[in-house]
Amino acid sequence: MKTLRTLLSAATLALTLLLPTSNLLAKEAPPEVQDPVAEKRIQALSEELRCLVCQNQNIADSNADLAQDLRRELRGMIQAGKSDKEIIDFMVARYGDFVLYRPPVKGLTLMLWGGPAFLLLLGLIALFTYLRKRNQVVAEQRPLSEEENRRLSAMLADQADEAQKNNK
Amino acid sequence: MNKFLWPLVGFIALVVLLAVGLNLNPREVPSPLVGKPAPLFKLARTDADQPAFGPADMQGKVWMLNVWSSWCVSCRQEHPLLVAMSKRQLVPLIGLNYKEVRGDSDIDVSKMSIDVESAQARLRAQAWLSKHGNPYDLTVLDVDGRVGMDYGVYGVPETYVIDKQGVIRFKQTGPITPDILEKKLLPLIAELNKA
């Protein structure tokens, strides 16, 4: 009987310890927009936008104050029925193209977008010229002529003589 | 050229490229607002009895807008320079107090009404200015940071130079240094005043 009572009180204690924690963990406010389509748009847009405070995070991931403000603004604009383009323009007007994870193709970003393709092209050209040169070298490697063979053996014989002299 | 020299040339080019890249400041994001009209606003001043202030009130003058906050450490670093500058009376300096209460990570404003927050922001801003000196002709309170957002503020302090037509001509993110003040800001202001 006593063990049962201890067990019961232990269980109650465990429960009382557990319950408030789960309440504390659930501190985050429920989303204001219940519309799942709007939620999806908020998520998609905030993943496309860079947080300027922690520059390698988007505003969906970042906990910086500015990111929270921008998420709130985003939500407000979606509720007000703004289109994706209007929202992106709003952000770009304030923070520049830098706010976009996918910057637009224009003069300033040409190197960014074209750079990898340009480097690949350069590499391919280098590869082909190298291969062609090597083919020429291989083509030039013909067997030695009679005359050349004779000269070669004479040279080798000379060298062998010299080596023998040195050894003595 | 010797073909063994080419890898060396390539290596040096790479080193130069990396050295330049590492010495650039990634925080220096060019503002799209330079050359655009300063966003309009109408905000309450720290001196409560005065009417609300907006950029329209500065039409025809070259002026500086400095975004600051009492919780901002770099602002404190920049402040003596602003105080010294204001004594020379070169240019009207307007303060934009940015998210004074809700920007302070020690304070939870989720249960605070906007009126209470505004009142607190005013008191805190006034106290800070009387403690550290007030270089501003006037300071307005951007309690929720919405005006700051229109100005593309992402790291206080930030400073804007606005010309007679109300167009932003320069933006500085981060504290102004004596060097920037003497070599960039003051010459620009002198030039804009002539125009």
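Scroll up to find the structure this text is about.
Described in the following lines is the structure provided in the data block.

Rules and cut-offs
- Residues numbered from 1 in each chain as written.
- Chains lettered and ligands numbered in written order.
- Predicted model: local features only at pLDDT ≥ 70, side-chain atom pairs only at ≥ 80, totals over all residues.
- Heavy atoms only, no water.
- Helix = DSSP H or I, 4+ residues; strand = E, 2+ residues; numbered from the N terminus.
- Buried < 20%, exposed > 50% of the residue type's maximum accessible area, 1.4 Å probe, protein only.
- Contact = heavy atoms within 4.5 Å.
- Areas by Shrake-Rupley, 256 points an atom, 1.4 Å probe, with all protein chains shown as cover.
- Pairing = 2+ DSSP bridges.
- Expected span 1.5 Å × (residues − 1).
- Salt bridge = Lys/Arg side-chain N within 4 Å of Asp/Glu carboxyl O.
- Patch = residues over 30% accessible without salt bridge, like charges linked within 9 Å, V, L, I, M, F, W, Y side chains within 5 Å.
- Phe/Tyr/Trp six-rings, centres within 6.5 Å; stacked < 30°, edge-to-face > 60°.
- Lys NZ or Arg CZ within 6 Å of the ring centre and 35° of its normal.

## Observations concerning the overall build of chain B
Per the secondary structure count, chain B includes five helices and five strands. Going residue by residue from the N terminus, the α and β elements of chain B occur as α-β-α-β-α-β-α-β-β-α. Here chain B, with 195 residues, has 45% of them falling under the buried criterion. Of the contacts formed within chain B by residues at least 6 apart in sequence, a portion of 70% connects residues at least 24 apart. Of the roughly 10,500 Å² of accessible surface on chain B, 60% is carried by carbon and sulfur atoms.

## A closer look at the pairing of strand 5 (residues 168–173) of chain B
Residue and element names in this part refer to chain B. The pairing of strand 4 (residues 158–162) with strand 5 spans five bridges and is antiparallel. Bridging across to strand 5, T159 finds its partner in Q172. Joining the antiparallel neighbours strand 4 and strand 5 is a turn of five residues, in which G166 adopts a positive phi near 85 degrees.

## Focus on helix 6 (residues 146–167) of chain A
Every α-helix carries 3.6 residues per turn, so stepping three or four residues along brings you back to the same face. For helix 6 of chain A, built from 22 residues, the straight-helix expectation of 32 Å at 1.5 Å per residue is met to within 8% by its first-to-last C-alpha distance of 32 Å. Little of helix 6 of chain A is tucked away, with zero of its 22 residues classed as buried.

## Describing the environment of Q79 of chain A
Mapped onto the elements of the fold, Q79 of chain A is located in helix 3 (residues 65–79). Put simply, Q79 of chain A and D35 of chain A are 44 residues apart on the chain and 9.9 Å apart in space, counted from C-alpha to C-alpha.

## Overview of the pattern of salt bridges
Under the counting rule described, the total for this entry stands at 20 salt bridges over all chains. Measuring nitrogen to oxygen at the nearest pair gives 2.9 Å for the salt bridge that ties R41 of chain A to D84 of chain A. Within this pair, whereas R41 of chain A is found in helix 2 (residues 36–48), its partner D84 of chain A is found in helix 4 (residues 84–95), the two being separated by 43 residues in sequence. The class of D84 of chain A is partly exposed, set by a relative accessible area of 36%. Linked through salt bridges whose partners overlap, the residues forming this network are E73 and R94 of chain A together with R146 and D150 of chain B.

## A closer look at a nonpolar patch on the surface
Taken together, L5, L8, F11, I12, V15, V16, V20 and L24 of chain B make up a surface patch of nonpolar side chains, about 750 Å² in accessible area. For F11 of chain B, the location among the structural elements is in helix 1 (residues 5–23).

## Observations regarding the packing of aromatic side chains
By convention here, two paired aromatic rings are described through the distance between centres and the angle between planes. In total, this model carries six aromatic pairs over all chains according to the counting rule given. Summarising the aromatic geometry, the rings of F53 of chain B and W63 of chain B are spaced 6.2 Å apart at their centres and angled 85 degrees between planes, so their arrangement reads as edge-to-face. Of this pair, F53 of chain B sits in the loop between helix 1 and strand 1 (63–68) while W63 of chain B sits in strand 1, and the two are ten residues apart along the sequence. Judged on exposure class, the residue F53 of chain B and its partner W63 of chain B are both buried. A centroid spacing of 5.7 Å and a plane angle of 15 degrees characterise the contact between W68 of chain B and Y136 of chain B, whose relative ring orientation is stacked. Of this pair, W68 of chain B sits in strand 1 while Y136 of chain B sits in the loop between helix 3 (114–132) and strand 3 (138–142), placing them 68 residues apart in sequence. Each of the two residues, W68 of chain B as well as Y136 of chain B, counts as buried. The rings of F41, F53, W63, Y151 and Y160 of chain B are connected pair by pair, giving a single aromatic cluster. The cationic tip of R50 of chain A hangs over the ring face of F98 of chain A; the distance from NZ or CZ to the ring centre is 4.6 Å. Sitting over the ring of Y101 of chain A, R50 of chain A keeps its end group 4.5 Å from the ring centre.

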